[in-house]
Amino acid sequence: MTAMPGYAGRRARLAAAMQPGAVAIVPTAPEALRNGDSEYPYRHDSYFYYLTGFDEPEAVLVLAQGKAILFCRPRDPEREIWDGLRHGPDGAREAFGFDEAYAVGELDARMPGLLADASALYYASGKHAQVDAQLARWLDAVRQRARSGVTAPETVHNVRVLLDEMRLIKDDAEQALMRRAALVSSRAHERAMRATRTGMREYEIEAELLYEFRRNGAQSPAYTPIVASGPNACILHYNQNRRQVADGDLVLIDAGCELDGYASDITRTYPASGRFSAPQQALYELVLAAQAAAMAEARPGLPYSGMHDAALRVLAQGMVDLKLVPHASADDAIAERAHQQFYMHGTGHWLGMDVHDCGSYRDLQAEGRPSRALAPGMVLTVEPGIYVRPAQGVPEQYWNIGIRIEDDVLVTAGACDVLSDAPKLVADIEHLMQR
Ligand code: GLY
Ligand code: MN
Ligand code: MN
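Take Arg11: it is sitting in helix α1 (residues 7-17). The charged side chain of Arg11 is buried without a salt bridge, its nearest counter-charge being Asp99 at 6.3 Å. Leave out the neighbours within four places in its chain, and Arg11 touches Leu51, Thr52, Leu61, Leu63, Ala68, Phe96, Gly97 and Phe98.

Here it is in structure tokens:
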């Protein structure tokens, strides 16, 4: 993968946000063993990748003395026969636009010099044990030189605090990638719906999703897919995906691909038979109305929490109307938290390189830390749901129905831009399933 314009700009913005004369150290993720000598598929660190576009393991980005310096694996003809090509420092400097690049084995020799007399250090400690230990040694080496007047940086800021704010607002390149990821996932949901038949195993439906992700170039799912039929839809993080789909079941699929480092996160719920029953449809339309109410609040200047409040109001009114709760009004039900029996999660989250992306949900500068105002370039999910487990006092016709509808939206200057477009109207789903 070659450098995209933008990575150097992000490094420059980070450097400008740092204290003058400070040093930043951002390592990528370590490789991880799965079992025996087999490794998990390698996934870069999101912060590192955001600043570099470089996806090889064993790499560290250092911003120091006005330069962007990459430490990476050296070329190694023997290892490259087994594991594939490496850029090596010279190749990486050229392709990714770093000012300098060295072999990762040179860190111990070079870092004390780069840290000497730095005004402060920007580093996320506690995230990468090996680099934490190396850093302690580098700082010690600088302190050893105190008698010659050299000082070590004694203030450490969490570099992720600055990067979280940057990553929260997606630039044009990121928005384009996220739109593509959301569309690939939308097509996967459509394929899964179309393929569903009573009697199939949930994993057979999962296979349809994975097939569509991969054939469109997505590297992997962004998180473990949930394919939950019948009562399993009431288990929020169900992912065994092995039950046999029964006639009359709803199927809830929460699945999204990761494409070129960016996540999508979509949920659809549909009838295995191709037709919603009346109670299923009543609950489905309620969740859909809650989602529309939430999306209407996804506008710049409005608080993040407004979307959840709007969705909850609609859902609670529906719970009153359908006699899921004994309360006389939505206000009463919410005041007594009665809705939590059926709606126990939030209505969304930031989305980006990570499925639950970084960035504060509160305005940390303002008095009382209120919910943060939405701004153009933010991407988030809108995902209300309703989950009815069998319980006394709950009308039996709704038992074991679990529904969630989740889309990915970009906050713009006006109404939000819905990036995902898998079918979700009752008529559209039924039409698709009949074909
Ligand atoms: N798929 C994870 C979530 O919806 O938050
Ligand atoms: Mn989500
Ligand atoms: Mn989801």
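Let us now look at the site of ligand 1. Looking at ligand 1, the residues that line it are Tyr223, Asp254, Asp265, His349, His356, Glu383 and Glu406. Take Glu383: an N or O atom from its side chain is 3.1 Å from an oxygen atom of ligand 1. Look at ligand 1: alone it shows 190 Å² of surface, and the protein chains cover 82% of it. Looking at side-chain class alone, the shell around ligand 1 contains one nonpolar, two polar and four charged residues.

The buried fraction of helix α7 (residues 159-168) amounts to seven of the 10 residues, a majority that puts the element mostly inside the structure. Within α7, burial applies to Val159, Arg160, Leu163, Asp164, Met166, Arg167 and Leu168. Each element contacted by the buried residues of α7 is listed here: α1, β1 (23-27), α2 (46-52), β7 (121-122) and β8 (156-157). The distance from a side-chain oxygen at the start of α7 to the backbone nitrogen of Arg160 is 2.9 Å, and the residue carrying that oxygen is Asn158.

Our focus in this paragraph is the packing of helix α8 (residues 172-195) against helix α13 (residues 426-434). α13 packs onto α8 with a crossing angle of 55° between their chain directions and a minimal axis gap of 8 Å. Comparing the axis directions of α8 and α13 gives the class oblique. As α8 runs across α13, the sense of the crossing is right-handed. Each of Glu190, Met193 and Arg194 in α8 lies in contact with α13, whose residues at this interface are Ile429, Leu432 and Met433. Taken together, the residues of the contact of α8 with α13 sort by class into four nonpolar, no polar and two charged.

Cut-offs used in this document
Sequence order sets the numbering: in each chain, residues are counted from 1 along the sequence as written. Key to labels: chains lettered from A, ligands numbered from 1, both in the order written. A pLDDT threshold of at least 70 governs which residues receive local features in this predicted model, and a stricter bar of 80 or more applies before side-chain atom pairs are shown or counted, although totals over entire chains, interfaces and linings include all residues. To get the side-chain values, all heavy atoms of the structure are used, and hydrogens and water are removed first. Secondary structure elements are defined from DSSP: runs of H or I of at least 4 residues count as helices, runs of E of at least 2 residues count as strands, and each element is numbered from the N terminus. Each residue is assigned to one of three classes by its accessible area relative to the maximum for its type, calculated with a 1.4 Å probe on protein chains only: buried under 20%, partly exposed between the two thresholds, exposed over 50%. Positive charges come from Lys and Arg, negative ones from Asp and Glu, while His and the chain ends are left out of the count. By convention in these notes, a salt bridge is any Lys or Arg side-chain nitrogen within 4 Å of a carboxyl oxygen on Asp or Glu. Contacts are assigned to residue pairs with any non-hydrogen atoms lying within 4.5 Å of each other. Residues are classed as near a molecule or strand on a simple rule: at least one heavy atom within 4 Å of it. Pairing of N or O atoms within 3.5 Å defines a polar contact, subject to two protein rules: one partner must be a possible hydrogen donor and the other a possible acceptor, and residues neighboring in sequence count only if both atoms are side-chain atoms. Here the accessible surface of atoms and residues is derived via Shrake-Rupley with a 1.4 Å probe, and residues count as covered only by protein chains that are part of the display. Throughout, the ten residues Ala, Val, Leu, Ile, Met, Phe, Trp, Tyr, Cys and Pro are labelled nonpolar, Asp, Glu, Lys and Arg are labelled charged, and all others, Gly among them, are labelled polar. Fitted lines through C-alpha atoms serve as axes, helices being fitted only where they are in contact, and the angles separating the N-to-C directions of these axes extend from 0 to 180 degrees. By the definition adopted for this analysis, an angle is roughly parallel if under 35 degrees, roughly antiparallel if over 145, roughly perpendicular if from 65 to 115, and oblique otherwise. Should the near helix be turned counterclockwise from the far one by less than a right angle, the crossing is left-handed, whereas a clockwise turn marks it as right-handed.

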